[in-house]
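Commentary on secondary and tertiary structure
Single-letter residue listing:
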Amino acid sequence: MAGTAAEESGDAMTQTVTQWVRSETERPFPYVLMYHSVATYSRDPYLVTVDPQRFERQLRWLRRNGLRGVSMRELMQAREEGDASRLVGLTFDDGYADFVHNVRPSLEKYGCTATVFVIAGRLGGHNAWDADGPRKRLVTAEEVRGIAEAGLEVGSHGMLHQQMSELDDDELLIEIAESRERLCDLTGQDVGGFCYPYGDVDLRVRNTVEAAGYDYACAIWRSPVSGRHALPRTYVGDQDGALRLLAKRLRHALTANR
């Protein structure tokens, strides 16, 4: 009951706010939500996991407020066509296998799409980079093909989930260009999106991503290199109910042009 009351309160406040919030298309940075894993859990030291029931409530909140979660590919195209005012980007970093089992069914239920950024060199592996976290399985090559065939967007998160700015030029090309080629071959589709592991991006890294032919790239924070190939995003966690989602939406509305 408390969750329902909070949702209704958030809905009423959002209806008031949307009377003066300008169209998303007019903003230099689109509104993009950043997820990682959606699964039941007992320990989550890196705060990357959202419970499936919470995730469903978050999608329901979007739809109750006239918003629809979409892939970055769809969002960027809609912005170019001037028709993105009610669209929110949904992104999932690392390519956890729970995307197939927990995320995809909920997306279909609420009429949403999404982008999952997978690690091309670790397909079928696990999150070895999270030393203190529980082991989470990553999508397999077959699952990646299934995601793409279902109309969801597959993007690159590099080859091995490394700090991009610490790599030399040759290593950087492998992470950025080779991962794209491998995923294009795997899915039979163009891979137009890149996501920087750890949000680690500088001018050299951003320029390498653009030169590799990516249409856009997602970072985490706003930075001096922010733009189409370093888009800031809004973190979403398991504590984000209706009021917190509303607060994050308002923060984007108030700061996206600054």
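Note: the structure precedes this text.
1. Some details on the overall build of the chain
For the chain, the helix and strand inventory stands at 8 helices and 10 strands. Going through the 258 residues of the chain one by one, you find that 54% of them count as buried. When contacts within the chain are restricted to residue pairs at least 6 apart in sequence, long-range pairs at least 24 apart make up 67% of them. As presented, the chain carries roughly 11,400 Å² of accessible surface, and 49% of it is formed by carbon and sulfur atoms.

2. Digging into the pairing of strand β5 (residues 87-94)
Of all 8 residues that make up β5, 8 are buried, and the element is covered over most of its length. Pairing of strand β1 (residues 32-35) with β5 involves 4 bridges; the strand directions are parallel. Pairing of Tyr35 across the sheet is with Phe92, part of β5. Strand direction decides the pairing type here: strand β4 (residues 68-70) and β5, joined by 3 bridges, are parallel. Bridge pairing in β5 places Arg68 opposite Leu87. With helix α3 (residues 72-80) bridging β4 and its parallel neighbour β5, the resulting β-α-β unit is right-handed.

3. A closer look at the state of the cysteines
A complete count under the given rule lists 0 disulfides for this structure. Take Cys195: it sits in no disulfide, and the sulfur closest to it among the cysteines is that of Cys218, at 5.8 Å. Given a relative accessible area of 0%, Cys195 falls into the buried group.

4. Describing the packing of helix α2 (residues 52-64) against helix α4 (residues 98-109)
Where α2 meets α4, the closest approach of the two axes is 10 Å, and the angle between their N-to-C directions is 25°. As summarised for this structure, α2 and α4 are arranged roughly parallel, according to the angle between their axes. Of the two possible hands of crossing, α2 and α4 adopt the one that is right-handed. Side by side, α2 and α4 meet where Pro52, Phe55, Glu56 and Leu59 of the first sit next to Asn102, Val103, Ser106, Leu107 and Lys109 of the second.

5. Let's talk about the packing of aromatic side chains
The description of an aromatic ring pair rests on the distance of the ring centres and on the angle between the ring planes. With the rule as written, the count across this model stands at 6 aromatic pairs. With a centroid separation of 5.3 Å and an interplanar angle of 85°, the aromatic rings of Tyr35 and Phe55 are classed as edge-to-face. On the criterion of sequence distance, the pair formed by Tyr35 in strand β1 and Phe55 in helix α2 is long-range, its members being 20 residues apart. By the burial criterion, Tyr35 is buried, and Phe55 matches it. Here Phe194 and Tyr196 contribute two aromatic rings whose centre-to-centre distance is 5.4 Å and whose plane-to-plane angle is 70°, an arrangement assigned as edge-to-face. The pair formed by Phe194 and Tyr196 is uniform in burial state, with each residue classed as buried.

6. Description of the pattern of salt bridges
Taken as a whole and assessed by the stated rule, the structure comprises 12 salt bridges. Glu108 is the salt-bridge partner of Arg104, the closest N and O atoms lying 3.2 Å from each other. Separated by 4 residues within a single helix, Arg104 and Glu108 lie in helix α4, roughly one turn from each other. Under the relative-accessibility criterion, Arg104 is labelled partly exposed at 26%. Judged by relative accessible area, Glu108 falls into the exposed class, the value being 55%. As a salt-bridge pair, Arg228 and Asp215 come within 2.9 Å of each other at their nearest N and O atoms. Here Asp215 lies in the loop between α7 (203-211) and β9 (216-218) and Arg228 lies in the loop between β9 and β10 (234-235), a separation of 13 residues in the sequence. In this structure Asp215 comes out as partly exposed when scored by relative accessible area, which is 36%. Residues joined by salt bridges that share partners form a network here, namely Glu80, Asp215 and Arg228.

What counts and what doesn't
Residue positions are counted from 1 within each chain, in the order its sequence is given. This being a predicted model, a pLDDT of at least 70 is required before a residue's local features are given, and a value of 80 or more before pairs of side-chain atoms are given or counted; all residues contribute to the totals for chains, interfaces and linings. Derived side-chain values reflect all non-hydrogen atoms in the structure, with water molecules and hydrogen atoms excluded from consideration. Here a strand is any run of E in DSSP of at least two residues, a helix any run of H or I of at least four, and the numbering for each starts at the N terminus. The cut-offs for exposure are 20% and 50% of the maximum accessible area for each residue type, with area from a 1.4 Å probe on protein chains only; residues under the lower value are buried, those over the upper are exposed, and the others partly exposed. Every residue pair with non-hydrogen atoms within 4.5 Å of one another is taken to be in contact. Reported accessibility uses the Shrake-Rupley method at a 1.4 Å probe radius. Residues are deemed covered only where the shown protein chains occlude them. Strand pairing requires that DSSP identify at least two bridges connecting the strands. With strands facing away from the observer, any crossover in which the path from the first strand over the helix to the second runs clockwise is taken as right-handed. Note on disulfides: each one is a pair of cysteine sulfur atoms within 2.5 Å. In this description, a line fitted to the C-alpha atoms serves as the axis of each element, helices being fitted only across the stretch in contact, and the angle between N-to-C directions of two axes falls anywhere from 0 to 180 degrees. Roughly parallel means an angle under 35 degrees; roughly antiparallel means over 145; roughly perpendicular covers 65 to 115; every other angle is labelled oblique. By definition, turning the near helix anticlockwise from the far helix through less than a right angle yields a left-handed crossing, and turning it clockwise yields a right-handed one. A pair of Phe, Tyr and Trp rings is counted when the ring centres sit within 6.5 Å of each other, with Trp represented by its six-membered ring. The angle between the planes then sorts it: under 30 degrees is stacked, over 60 is edge-to-face, the rest tilted. The term salt bridge refers to a pairing of a side-chain nitrogen on Lys or Arg with a carboxyl oxygen on Asp or Glu at a separation within 4 Å.

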